[in-house]
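# Residue-level structure breakdown
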Amino acid sequence: MSLRSPLGKVRGLGSAKNGTHHWWMQKVSAVALVPLTIWFVSSIVQMTRADYEVVINWMNSPIVAVLMLLFVTTGIYHLKLGLQVIIEDYIHSEGSKVFLQMLVTFSCVAVGTTAGFSILKIAL
Amino acid sequence: MSDTKRPLSPHLQVYSWSLEMALSIFHRATGVALGGGALLITWWIIAIATGPDAYDQFRTVMSSITGKVFLFAFTFSLMLHMCNGIRHLFWDMGKGFDLGDSRRSSKMVLFFSVFLTALSWVIGYGMILEV
């Protein structure tokens, strides 16, 4: 039994040793995603009827490629943080928890890398 | 939990559903749905990187009724998650916790997510104005 008070534990960053870092990162990525999402949706709605040439010329532009990279990586990072909390909240068996957390991490990194590579392949 | 002497809050099913509760769980549900949306965007980018045939294949699937239903659900999930997420940022600053404020912001979230979804589809697919 620990004699430390709850406040003392929090000040010592608790057992996870990272305090509010996860929450803060969720918020920072959320703030970044608001303008990026508005940019992405307003760009994409103009291209629903566009043929291949129009779309690839659009994504060829350095500004668009950089914004797409930011949107995809920030979005997938935000997704990873969110899914992590859902697993922490609902999955209580240690084995499935570790398995699902790894699955989420690997999937997010794989999808993000694939999307990022494709954007670079188009733009470079 | 057995040594807890404090009163515990009643279980979720005891409460009658409110707009705030519905939006809270929908925020999480749309967050998961947007994971599917991330896969859709990745497929779209891969298709563009692969070439005209792959891109046409993507467009054919997305032009089907099933594709459009998915795209519509994706648009609405994105807008709801974004609008409600902005509300969360205000809550994080300690603003808007009053009962009246939170009911008003719930309605605003609902209104803006429906409005922005409709706007995107009107511009994107010309559902009202045939472009």
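## Some remarks on the overall build of chain A
For chain A, the helix and strand inventory stands at 5 helices and 0 strands. For chain A, the α and β elements follow one another from N to C terminus as α-α-α-α-α. In terms of C-alpha radius of gyration, chain A reaches 20 Å, well past the compact-globule figure of 14 Å for 124 residues. For the C-alpha atoms alone, the extent of chain A along its principal axes is close to 65 × 30 × 25 Å. A burial count over chain A gives 35% of its 124 residues as buried. Considering only residue pairs separated by 6 or more positions, chain A has 71% of its internal contacts joining residues 24 or more positions apart. Roughly 7600 Å² of accessible area belongs to chain A as shown, and the carbon and sulfur atoms make up 71% of that amount.

## Side note on the pattern of salt bridges
This model, assessed by the stated rule, comprises 4 salt bridges over all chains. Among the ionic pairs, A:Asp89 bridges to B:Arg28, the shortest N-O distance being 2.8 Å. With A:Asp89 in helix H4 (residues 62-90) and B:Arg28 in helix H1 (residues 19-50), the pair connects residues from two separate chains. A salt bridge links B:Glu20 to B:Arg103, with the nearest nitrogen and oxygen atoms 2.9 Å apart. One end of the pair, B:Glu20, is in helix H1; the other, B:Arg103, is in helix H4 (residues 99-125), with 83 residues separating them in the sequence. Exposure remark for B:Glu20: the relative accessible area of 21% places this residue in the partly exposed category.

## Some details on the packing of helix H3 (residues 52-60) of chain A against H4(A)
All names here are of chain A. Where H3 contacts H4, the axes come no closer than 5 Å and their chain directions differ by 80°. What the angle tells us is that H3 and H4 run roughly perpendicular. Contacts from Trp58, Met59 and Asn60 of H3 reach H4 at Pro62, Val64, Ala65 and Met68. For the contact of H3 with H4, the residue count by class is 6 nonpolar, 1 polar and no charged.

## Some thoughts on the layout of surface pockets
The space that makes up the largest pocket amounts to roughly 1200 Å³. Lining the largest pocket we find 43 residues, and of these A:Gln26, A:His78, B:His27, B:Gly31 and B:His81 sit closest to its centre. Among the secondary structure elements, those contributing two or more residues to the lining of the largest pocket are helix H2 (21-44) and H4 of chain A together with H1 and helix H3 (65-92) of chain B. With 13 residues, H1(B) is the largest single contributor of residues to the lining of the largest pocket. A class-by-class count of the residues in the lining of the largest pocket yields 25 nonpolar, 15 polar and 3 charged. For the second largest pocket, the lining is made up of 24 residues, of which A:Ile44, A:Thr48, B:Phe58, B:Leu71 and B:Tyr125 are closest to its centre. Mapped onto the lining of the second largest pocket, the elements with two or more residues apiece are H2 of chain A together with H1, helix H2 (52-63), H3 and H4 of chain B. Residue composition of the lining of the second largest pocket, by class: 17 nonpolar, 5 polar and 2 charged.

Rules behind the numbers
Residues numbered from 1 in each chain as written. Chains lettered and ligands numbered in written order. Predicted model: local features only at pLDDT ≥ 70, side-chain atom pairs only at ≥ 80, totals over all residues. Heavy atoms only, no water. Helix = DSSP H or I, 4+ residues; strand = E, 2+ residues; numbered from the N terminus. Rg over C-alpha atoms; globule rule 2.2 N^0.38 Å. Buried < 20%, exposed > 50% of the residue type's maximum accessible area, 1.4 Å probe, protein only. Contact = heavy atoms within 4.5 Å. Areas by Shrake-Rupley, 256 points an atom, 1.4 Å probe, with all protein chains shown as cover. Salt bridge = Lys/Arg side-chain N within 4 Å of Asp/Glu carboxyl O. Axes fitted to C-alpha atoms, helices over the stretch in contact; angles between N-to-C directions. Parallel < 35°, antiparallel > 145°, perpendicular 65-115°, else oblique. Nonpolar A, V, L, I, M, F, W, Y, C, P; charged D, E, K, R; others polar. 1 Å grid on protein atoms, 1.4 Å probe; cavity = no way out; pocket = protein on both sides within 12 Å on 5 of 7 lines; lining within 4 Å. Points joined across faces, edges and corners; volume = space filled by probe spheres on them.

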